[in-house]
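Coordinates in review
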Amino acid sequence: MKYGFMAGCALSSSSPKHVAQIIDYLKVFYPDLAVIQGCCGKPTRMIGQEELFQTRFGKLTQQVQTAKIDELIVACQGCIKTMTLQNQFPTSSLWVKMAELGLPKAVIGKGKSSDVVFSIQDSCPTKEVTEIHQAVRYLLEELGYQVAKNRLSGKNTLCCGMGGMCGVSNPALAKNFAQKRVQDFKTDHIVTYCASCTSAMIHGGGNAWHLLDLIFDDVVYQEDTTMTHPLNNPIEAWKNRYQSKKIVTKT
């Protein structure tokens, strides 16, 4: 089989470094990995422009077919749901794939020295996909981090506030919901596996990290805090997306 990887718009706009690190990680297992930077078109569907959505998703399907990809590994939960509904090509979750392949040996157990207990913000687009929830928790266990149990998680998770394009159409409501979501958690530190969720949790006053931060960056301790997020700064987000495109182009 030939595998492909697609980070998704939000992750590409958040951290070109992590996009590059995931590509390098996957290439250890799949040397002929194809990499796509594209949009699944979901935002257009969310605002009712179904015809435009079908056009954009058609372009993505063509990219996958041109690259002769048998299975596309996807980091974005919104993309996964959209691709599953369209059912034009096989997809798999990056988090499930990483749990199957195993983390790099150098990072296993790195979080055992941390005094942090993380709460998990599960992404609502894949709230019914329990294998993703299980994979994320397995990866956190492998890293050595402590995780709190929360009633509003997994299948019972709530939206971070950015769903349905609310962050664009009604920023005040999105921020209020993000603040409420942060208050739902029992701990001061939150981990997500969605760049938009990470942005929302920080925007709502929480200390939030993306799972890739915990895998590839320094160990997080109780005194560590998060300040701003690139997705809350359009100029920085577009700059990051351009940098991600350069990385993908060189792959």
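Preceding this section is the structure that the text describes.
Given the structure is predicted, the values throughout are model-derived calculations rather than measurements.

1. Side note on the overall build of the protein chain
If you tally the helices and strands in the protein chain, you get 12 helices and 8 strands. Whereas a compact globule of 251 residues would reach a radius of gyration of roughly 18 Å, the protein chain reaches 17 Å, a difference of no more than 12%. The dimensions of the protein chain, computed from C-alpha atoms along their principal axes, are 45 × 45 × 35 Å. Within the protein chain, residue pairs in contact and separated by at least 24 positions form 71% of the contacts whose partners lie at least 6 positions apart. Element-wise, carbon and sulfur atoms account for 52% of the exposed surface of the protein chain, whose accessible area totals about 12100 Å². Taking the average place of the 27 positive charges on the side chains of the protein chain and the average place of its 21 negative ones, the gap between the two points comes to 5 Å.

2. Quick notes on the pairing of strand E7 (residues 189–192)
Along E7, one buried face is formed by His189 and Val191 and the opposite face, lined by Ile190 and Thr192, is buried too. Relative to E7, strand E5 (residues 117–121) runs parallel, the two being bridged by 4 bridges. Residue isoleucine 120 lies in a different strand from E7, and its bridge partner there is valine 191. Where E7 meets strand E8 (residues 207–210), 4 bridges bridge the pair, whose relative direction is parallel. Pairing of valine 191 across the sheet is with tryptophan 209, part of E8. For the crossover from E7 across helix H10 (residues 195–203) to E8, the handedness is right-handed.

3. Considerations on the side chain of asparagine 207
On the secondary structure map, asparagine 207 appears in strand E8. A polar side-chain atom of asparagine 207 sits 3.2 Å from the main-chain amide nitrogen of threonine 226.

4. A closer look at the packing of aromatic side chains
How two aromatic rings sit relative to each other is set out by the distance from centre to centre and by the angle between their planes. Applying the stated criterion across every chain yields a total of 7 aromatic pairs. Taking 5.9 Å as the distance between ring centres and 35° as the angle between the ring planes, the aromatic pair formed by phenylalanine 53 and phenylalanine 57 counts as tilted. In this pair, phenylalanine 53 and phenylalanine 57 both sit in helix H4 (residues 50–66), 4 residues apart, roughly one turn of the helix. Judged by its relative accessible area of 0%, phenylalanine 53 is buried. Between the aromatic rings of phenylalanine 57 and phenylalanine 89, the centroid separation amounts to 5.9 Å while the plane-to-plane angle is 5°, which identifies the pairing as stacked. Of this pair, phenylalanine 57 sits in helix H4 while phenylalanine 89 sits in the loop between helix H5 (77–86) and strand E4 (91–93), and the two are 32 residues apart along the sequence. A relative accessible area of 2% means that phenylalanine 57 is categorised as buried. Taking the relative accessible area as the measure of exposure, phenylalanine 89 reaches 10% and is therefore buried. A network of ring pairs unites the aromatic residues Phe53, Phe57 and Phe89 as a single cluster. Its end group placed over the ring of tryptophan 238, arginine 241 keeps NZ or CZ at 4.4 Å from the ring centre.

5. A look at the sheet that holds E8
Backbone hydrogen bonds are what pair the strands of a sheet, in a parallel or an antiparallel way. As summarised here, the arrangement of the 4 strands in space is E6-E5-E7-E8, forming an open sheet in which the pairing is parallel. Edge positions in the open sheet fall to strand E6 (146–147) and E8, since each of these has one partner strand only. Bridge count between E5 and E6: 2 bridges; the pairing is parallel. Note on E6: the bridge partner recorded for valine 117 is glutamine 146. Contacting E5, E7 and E8, H10 crosses the sheet at an angle of about 165° to E8.

Scoring rules and cut-offs
- Residues numbered from 1 in each chain as written.
- Predicted model: local features only at pLDDT ≥ 70, side-chain atom pairs only at ≥ 80, totals over all residues.
- Heavy atoms only, no water.
- Helix = DSSP H or I, 4+ residues; strand = E, 2+ residues; numbered from the N terminus.
- Rg over C-alpha atoms; globule rule 2.2 N^0.38 Å.
- Contact = heavy atoms within 4.5 Å.
- Areas by Shrake-Rupley, 256 points an atom, 1.4 Å probe, with all protein chains shown as cover.
- Lys, Arg positive; Asp, Glu negative; His and termini not counted.
- Charge placed at Lys NZ, Arg CZ, Asp CG, Glu CD.
- Buried < 20%, exposed > 50% of the residue type's maximum accessible area, 1.4 Å probe, protein only.
- Pairing = 2+ DSSP bridges.
- Right-handed = clockwise from strand over helix to strand, strands pointing away.
- Polar contact = N/O pair within 3.5 Å; in protein donor to acceptor, adjacent residues only side chain to side chain.
- Phe/Tyr/Trp six-rings, centres within 6.5 Å; stacked < 30°, edge-to-face > 60°.
- Lys NZ or Arg CZ within 6 Å of the ring centre and 35° of its normal.
- Axes fitted to C-alpha atoms, helices over the stretch in contact; angles between N-to-C directions.

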